[in-house]
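# Fold and geometry: a report
Okay, here's what each chain looks like letter by letter:
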Amino acid sequence: MSKPDFNTLSPSNIVAFLEDIFERRGGEEYLGEPVTMAEHMLQGATIAEQNGQREIIIVSALLHDVGHFTSEFGMFSMDDTEDKYHEDAGAEVLQDYFPTIVTDCVRYHVAAKRYLCATRPSYFDRLSDASIHSLNLQGGPMNDAEIQAFEQNPNLEDIIAVRFLDEAGKHANMKTPPFAHFAPMVQRIVDQHCGVA
Ligand code: FE
């Protein structure tokens, strides 16, 4: 298949489009962590699969940081600062092809960190130094009103599950399968959502 372009995406080429991004851009550094972007997302997905989590959680973990590659989606602006709103960018890219569980897990993975820091004191100990640094830039732990609002999300449990996978996927030396291993799973989620038989 020829390389899919962002402007001609469809349910039949979105997975190849994502795989192409992993292959070309995945080697980029995940700022302040001992893993590349691709390793980080593949580790989260692999851990989810090893733990017997649902496909939708595996796929959400696999794609949660895809918004870091905003320049692939025609969303890049010279005014962007590193890591700004990558969670919104990722959800926007995925929303035409993936169900709300996936886009919520992507969109709210930063909010989930702020939520967990406010509601589970032991959670903070899991955070890497880079994650603590970005927590402060992202607004710090949620206040009571923010916690209440966040808890209204029907996908709260899944959002938190993906957040834990985000934290877990930062091993310096962990073997994972490549994106291709997960591609059929990603396609199943797309086909279910888009009503492809
Ligand atoms: Fe992440």
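Residues numbered from 1 in each chain as written. Predicted model: local features only at pLDDT ≥ 70, side-chain atom pairs only at ≥ 80, totals over all residues. Heavy atoms only, no water.

Let's shift gears to helix 2 (residues 37-50). Here helix 2 is 14 residues long and its end C-alpha atoms lie 20 Å apart, about the 20 Å a rise of 1.5 Å per residue gives. The complete set of buried residues in helix 2 reads Met37, Ala38, His40, Met41, Leu42, Gln43, Gly44, Ala45, Thr46, Ile47 and Ala48. Contacts made by the buried residues of helix 2 are with helix 1 (14-25), helix 3 (55-63), helix 9 (156-168) and helix 10 (179-194). Following helix 2 by one or two positions, Gly52 adopts a phi angle in the positive range, close to 75 degrees. (Helix = DSSP H or I, 4+ residues; strand = E, 2+ residues; numbered from the N terminus. Expected span 1.5 Å × (residues − 1). Buried < 20%, exposed > 50% of the residue type's maximum accessible area, 1.4 Å probe, protein only. Contact = heavy atoms within 4.5 Å.)

Here we take up the pattern of salt bridges. In this structure the tally under the stated criterion is 12 salt bridges. Notably, a salt bridge pairs Glu28 with Arg25, separated by 2.4 Å at the nearest N-O pair. Between Glu33 and Lys170 there is a salt bridge whose closest N-O contact spans 3.4 Å. Of the two residues, Glu33 is situated in the loop between helix 1 and helix 2 and Lys170 in the loop between helix 9 and helix 10; the sequence distance between them amounts to 137 residues. Take Glu33 and Lys170: they sit in the same class, and that class is buried. Within this structure, Asp20, Arg24, Arg25, Glu28 and Glu72 form a network of salt bridges that share partners. (Salt bridge = Lys/Arg side-chain N within 4 Å of Asp/Glu carboxyl O.)

Here we come to the packing of helix 4 (residues 86-94) against helix 5 (residues 100-107). Where helix 4 meets helix 5, the axes come as close as 8 Å, and the angle between the chain directions of the two elements is 165 degrees. The pairing of helix 4 with helix 5 is recorded here as roughly antiparallel in orientation. When you trace helix 4 past helix 5, the crossing you get is right-handed. Between helix 4 and helix 5, the contacting residues are Glu87, Asp88, Gly90, Ala91 and Leu94 on the first element and Val102, Thr103, Val106 and Arg107 on the second. (Axes fitted to C-alpha atoms, helices over the stretch in contact; angles between N-to-C directions. Parallel < 35°, antiparallel > 145°, perpendicular 65-115°, else oblique. Left-handed = near helix turned anticlockwise from the far one by under 90°.)

So, on to the packing of helix 6 (residues 109-119) against helix 7 (residues 129-137). The geometry of helix 6 relative to helix 7 is characterised by a closest axis approach of 10 Å and an angle of 95 degrees between their N-to-C directions. Put simply, helix 6 runs roughly perpendicular to helix 7. For the pair helix 6 and helix 7, contact is made by Lys113, Arg114 and Cys117 and by Ser131, Ser134 and Leu135, respectively. In the contact of helix 6 with helix 7, the residues fall into 2 nonpolar, 2 polar and 2 charged. (Nonpolar A, V, L, I, M, F, W, Y, C, P; charged D, E, K, R; others polar.)

Throughout the structure, instances matching the rule amount to 5 aromatic pairs. Pairing Phe6 with Phe17 gives two aromatic rings, centres 6.2 Å apart and planes at 35 degrees, and the pair type is tilted. Note that Phe6 is positioned in the segment before helix 1 and Phe17 in helix 1, a separation of 11 residues in sequence. Given the relative accessible area of 29%, Phe6 is considered partly exposed. By relative accessible area, which is 3% here, Phe17 ends up buried. Each ring, one from Phe22 and one from Phe179, has its centre 4.8 Å from the other, and the planes form 50 degrees; the classification is tilted. Here the residue Phe22 occupies a position in helix 1, and Phe179 occupies one in helix 10, the gap between them amounting to 157 residues. For the pair Phe22 and Phe179, a shared accessibility class is recorded, and that class is buried. (Phe/Tyr/Trp six-rings, centres within 6.5 Å; stacked < 30°, edge-to-face > 60°.)

Structurally, the position occupied by Ile147 is in helix 8 (residues 144-150). Of the residues examined, Ile147 reaches a relative accessible area of 12% and is grouped as buried. Those residues in contact with Ile147, other than ones at most four positions away along the chain, are Tyr115, Ala118, Thr119 and Met142.

A word on the environment of Arg126. Locating Arg126 in the fold gives a position in the loop between helix 6 and helix 7. When the C-alpha positions of Arg126 and Gly26 are compared, they lie 24 Å apart, and in sequence the two are 100 residues distant. Beyond its immediate chain neighbours, meaning those up to four positions away, Arg126 contacts Phe164 and Glu167.

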